[in-house]
Amino acid sequence: MSEVVELTRELVSIPSHDDETEAGDYVENWLREETDAEVTRDDAGNVVARRGPADAASLALVGHHDVVPPADSQTTATGEYVVEERDGRLHGRGTADMKGAVAAAMLAFRDAAAGDTAGSRTQSDDADRGGSDGDSPPELVFASFVGEEQGGVGARAAIEDGFAPDYAIVGEGSTGYSAQGVTDVAVAHKGRRGSTVTARGSAAHASEPEAGENAVYRACDAVDVIRDLDFPAVEVLGEEVRGSVAVTEIDGGSAWNVIPESCEVTVDERTVPGERAPLERVEDVAGVEWTVEQDLPPMRCDDADFAETVLAAASDAQAADPELVSKPHATDAGWLAEAGTTCVVCGVAEPGEAHTDAESASIEVVERCYDIYRGAAERF
């Protein structure tokens, strides 16, 4: 069994959907024992390790060690996580999302001879990013956050505390986008803005509907506004990223014989970098208010050279030809990019694996991601 597979199994076996402390302890202790890096654990529970000169350009390998709640089949009677190996894959909660990538990043962080291989950075690039000399090795950073599945709680806490790498490879899934089994490099992903449209009217007996103001009708008028909105789209390094807006829930009325005085509509919007659908237009309908409940930012890579550096590492790590792609899902890369870090996403998970009761990860791809992360760090 390879070291990265063994480490993945160890991480996956640790429950981390309710309480991430034990998983964070394992990551922290491993880094202290296996590396000479400066390792810190913040109040939120994030684990961060650093190697190399602090005044140089920095590259972070970023993941998260929390998971969504497991299915019954993914736990034992005593609450331990089940990890099984069959058909060339590791099965269990967190294998794909994203402890396989975390294990690969931990080992790559330990093993990378950062700066030994010339990459695409120039002296002026490093100066702009805070590096002191174009020939100096970069600072290599590893970070595993808590609370990604709760909207990036850990990433936001780390950013507020000053976590600000110049560049980051976020290990969320990018395998199987250009072709099955190929580990690509995502240069953009959508965000998610969840909002509520509230329509208010006045109640009346249903036998005299004209005596009231029907909130459901007002909500339906607002839904018509939403249906007519154009979906924003942008291009990132040649990749088109197209957003979407969908009404996903509606709730109104109190009884079959009462004109409803309130109605709520839930809207799911997948946002693109720099653009938002004009949902505020629903407030042109009388009695309608629009409230944003959640806004997870999208991500776009703003440095083509960095994207090509990671893509070159991905090409070297597999026989197939990976591509620059975009992802439909929000990740912690959105929070980092919003704070000024240049990001790409590259990782183990394939479409349809994360959060399922049959979650699994290809052993070949987990091992490949180790090669990609190490190769990217050494090219940087």
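Report on the accompanying structure. (Residues numbered from 1 in each chain as written. Predicted model: local features only at pLDDT ≥ 70, side-chain atom pairs only at ≥ 80, totals over all residues. Heavy atoms only, no water.)

**Describing the overall build of the chain**
Moving on, step 1. What the chain contains, in helices and strands, is 9 helices and 20 strands.
Moving on, step 2. Since a compact globule built from 380 residues should have a radius of gyration of about 21 Å, the 23 Å found for the chain is in line with a globular shape.
Moving on, step 3. In terms of its C-alpha atoms, the chain occupies a principal-axis envelope of roughly 80 × 55 × 40 Å.
Moving on, step 4. When contacts within the chain are restricted to residue pairs at least 6 apart in sequence, long-range pairs at least 24 apart make up 79% of them.
Moving on, step 5. Of note, the chain has its 28 positive side-chain charges centred 2 Å away from the centre of its 78 negative side-chain charges. (Helix = DSSP H or I, 4+ residues; strand = E, 2+ residues; numbered from the N terminus. Rg over C-alpha atoms; globule rule 2.2 N^0.38 Å. Contact = heavy atoms within 4.5 Å. Lys, Arg positive; Asp, Glu negative; His and termini not counted. Charge placed at Lys NZ, Arg CZ, Asp CG, Glu CD.)

**Section: the sheet that holds strand β20 (residues 360-362)**
Moving on, step 1. Read across the sheet, 3 strands follow the order β4-β5-β20 without closing on themselves; strand pairing throughout is antiparallel. The outermost strands of the open sheet, each flanked by one partner alone, are β4 (84-86) and β20. Across the sheet, the axes of successive neighbouring strands diverge by a mean angle of 25 degrees, strand direction being ignored.
Moving on, step 2. In the sheet, β4 pairs with strand β5 (residues 89-91) via 3 bridges, with the strands oriented antiparallel. Directly across from Glu-85, in β5, lies its bridge partner Leu-90.
Moving on, step 3. Contacts between helix α9 (residues 363-379) and the sheet are confined to β4, β5 and β20, with β20 contributing the most and set at about 65 degrees to the helix. (Pairing = 2+ DSSP bridges. Axes fitted to C-alpha atoms, helices over the stretch in contact; angles between N-to-C directions.)

**A closer look at the packing of helix α2 (residues 21-34) against helix α3 (residues 95-111)**
Moving on, step 1. The N-to-C vectors of α2 and α3 enclose an angle of 20 degrees; their axes lie 11 Å apart at closest approach. Taken together, the axes of α2 and α3 are roughly parallel relative to one another. Between α2 and α3 lies a crossing of right-handed hand. For the pair α2 and α3, contact is made by Val-27, Trp-30, Leu-31 and Glu-34 and by Met-106, Leu-107, Phe-109 and Arg-110, respectively.
Moving on, step 2. Its residues assigned to classes, the contact of α2 with α3 shows 6 nonpolar, no polar and 2 charged. (Parallel < 35°, antiparallel > 145°, perpendicular 65-115°, else oblique. Left-handed = near helix turned anticlockwise from the far one by under 90°. Nonpolar A, V, L, I, M, F, W, Y, C, P; charged D, E, K, R; others polar.)

**Observations regarding the pairing of strand β9 (residues 191-200)**
Here is the key point about a regular strand: its side chains alternate between the two faces of the sheet.
Moving on, step 1. Across the 10 residues that make up β9, a large majority, 8, are buried.
Moving on, step 2. The pairing of β9 with strand β15 (residues 262-271) spans 10 bridges and is antiparallel. Looking at β15, one finds that Gly-194 is bridged to Asp-268.
Moving on, step 3. Bridge count for β9 against strand β16 (residues 288-296) is 8 bridges, and the pairing is antiparallel. Looking at the pairing, Ala-199 lines up with Val-288 of β16. (Buried < 20%, exposed > 50% of the residue type's maximum accessible area, 1.4 Å probe, protein only.)

**Focus on the pattern of salt bridges**
Moving on, step 1. Tallied over the full model, the rule gives 21 salt bridges.
Moving on, step 2. Of the charged contacts in the structure, one is a salt bridge between Arg-86 and Glu-84, with a shortest N-O distance of 2.6 Å. (Salt bridge = Lys/Arg side-chain N within 4 Å of Asp/Glu carboxyl O.)

**What to know about the sheet that holds β9**
Moving on, step 1. Pairing is antiparallel in the open sheet, where 4 strands are placed in the order β13-β15-β9-β16. Bordering the open sheet on either side are β13 (244-252) and β16, each of which pairs with just one other strand. Mean inter-strand twist for the sheet, computed between neighbouring axes without regard to direction, equals 20 degrees.

**Points about α2**
Because each turn of an α-helix spans 3.6 residues, side chains separated by three or four positions in sequence point in the same direction.
Moving on, step 1. Over its 14 residues, α2 extends 20 Å from the first C-alpha to the last, a length consistent with the 20 Å expected when each residue adds 1.5 Å.
Moving on, step 2. Among the residues of α2, those classed as buried are Ala-23, Gly-24, Val-27, Glu-28, Trp-30 and Leu-31. Buried residues of α2, seen end-on, are gathered within an arc of 160 degrees and therefore sit on one face of the element. Residues Glu-22 and Glu-33 are exposed on α2 and point more than 90 degrees away from its buried face. (Expected span 1.5 Å × (residues − 1). Arc of directions from axis to C-beta.)

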